[in-house]
Amino acid sequence: IKSLIKRWDTDGTIDITFGFGGEVLCDDLGEFNAMEILQDDRIILAGKSYSSQTYGSAVVCLDEYGNLDPSFGNGGICAIPDTSIDLLFYSALQSDDKIMVLGHNYDGNSFLIARINTAGVIDSTFGLNGILTYQFWSGYLAPFAMITDPADNILISGAITATIDQNPFLIR
């Protein structure tokens, strides 16, 4: 799987200043399911990295032109140190541009939230060493979305399947 990022100007024309002809192909970086734009126009991608320096759940930072930002994490990549989470699916920004990412395991019984600062370092003041893990007691837990509210609280919605029924949930 290769991730492609394209950028258009506000009038709908391709932004040729971005990447190569308006697009960046992340074929050597990995697959990404979530994207955010920081206040300084850097682009945050959350998903799974396949780079030579990081394999697994990761957050990648590109500059405003689509180049890997070497000032972020380790050469533009911040690895999430939890091998039970295969892929990051969702992201959100707090008011100070701290990056929140959400990933879950394919067994469907747990997920994690990690907070990363704008330098690409996991924020050890959040959760346990920058990571909060939520374990579900039975059934399948599927988060579908994550946002932060104006007070920087984190909200996650999704569904729980305990039997054949799906029950929606909201965690704050």
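For clarity, every value in this text was computed on a predicted model and none was experimentally measured.

Looking at the overall build of the chain
Working step 1: On a plain count of helices and strands, the chain comes out with zero helices and 13 strands.
Working step 2: Helices and strands appear in the chain in the N-to-C order β-β-β-β-β-β-β-β-β-β-β-β-β.
Working step 3: Long-range contacts, defined here as pairs at least 24 residues apart, represent 36% of the contacts in the chain between residues at least 6 apart.
Working step 4: When the accessible surface of the chain is summed, it comes to about 8900 Å², and 54% of that surface belongs to carbon and sulfur atoms.

As for the sheet that holds strand β7 (residues 87-93)
Working step 1: On the basis of which strands lie adjacent, the open sheet formed by four strands has the order β7-β8-β9-β10 and antiparallel pairing. The open sheet is flanked by β7 and β10 (131-135), the only strands paired with a single partner. Across the sheet, the axes of successive neighbouring strands diverge by a mean angle of 20°, strand direction being ignored.
Working step 2: One ladder, built from six bridges, connects strand β8 (residues 99-104) with strand β9 (residues 110-116); its direction is antiparallel. Bridge pairing in β9 links Ile-99 to Ile-116.

Observations regarding unusual backbone geometry
Working step 1: Phi is positive for Asn-129, close to 55°, though the residue is something other than glycine.
Working step 2: Looking at the secondary structure, you find Asn-129 in the loop between β9 and β10.
Working step 3: A positive phi angle, close to 70°, is found at Asp-152, a residue other than glycine.
Working step 4: Along the polypeptide, Asp-152 turns up in the loop between β11 (140-148) and β12 (154-161).

So, the packing of aromatic side chains
Working step 1: For the structure shown, the criterion picks out one aromatic pair.
Working step 2: Centre to centre, the rings of Phe-89 and Tyr-90 are 6.2 Å apart; their planes meet at 40°, and the pair counts as tilted.

As for the pattern of salt bridges
Working step 1: Evaluation of the coordinates by the stated rule reveals seven salt bridges.
Working step 2: Close ionic contact of Arg-7 with Asp-15 constitutes a salt bridge, the shortest N to O distance being 2.8 Å.
Working step 3: Looking at Arg-7, the relative accessible area reads 25%, which means it is partly exposed.
Working step 4: The exposure class assigned to Asp-15 is buried, which follows from its relative accessible area of 10%.
Working step 5: Close ionic contact of Asp-96 with Lys-98 constitutes a salt bridge, the shortest N to O distance being 3.9 Å.

Topic: the nonpolar core
Working step 1: Counting 18 residues, the largest nonpolar core has Ile-44, Val-59, Phe-72, Ile-80, Ile-99, Val-101 and Ile-116 as its most contacted members.
Working step 2: The dominant element in this core, judged by the number of residues it contributes, is β9, at three residues.
Working step 3: In terms of nonpolar packing, the next biggest core, distinct from the first, is built from 12 residues, Val-24, Leu-29, Ala-58 and Leu-62 among them.

Details of a nonpolar patch on the surface
Working step 1: On the surface, Trp-8, Ile-14 and Ile-16 cluster together into a nonpolar patch covering about 330 Å² of accessible area.
Working step 2: With respect to the helices and strands, the residue Trp-8 is situated in the loop between β1 (4-6) and β2 (23-25).

About the thresholds
- Residues numbered from 1 in each chain as written.
- Predicted model: local features only at pLDDT ≥ 70, side-chain atom pairs only at ≥ 80, totals over all residues.
- Heavy atoms only, no water.
- Helix = DSSP H or I, 4+ residues; strand = E, 2+ residues; numbered from the N terminus.
- Contact = heavy atoms within 4.5 Å.
- Areas by Shrake-Rupley, 256 points an atom, 1.4 Å probe, with all protein chains shown as cover.
- Pairing = 2+ DSSP bridges.
- Axes fitted to C-alpha atoms, helices over the stretch in contact; angles between N-to-C directions.
- Phe/Tyr/Trp six-rings, centres within 6.5 Å; stacked < 30°, edge-to-face > 60°.
- Salt bridge = Lys/Arg side-chain N within 4 Å of Asp/Glu carboxyl O.
- Buried < 20%, exposed > 50% of the residue type's maximum accessible area, 1.4 Å probe, protein only.
- Core = buried A, V, L, I, M, F, W, Y, C linked by side-chain atoms within 4.5 Å.
- Patch = residues over 30% accessible without salt bridge, like charges linked within 9 Å, V, L, I, M, F, W, Y side chains within 5 Å.

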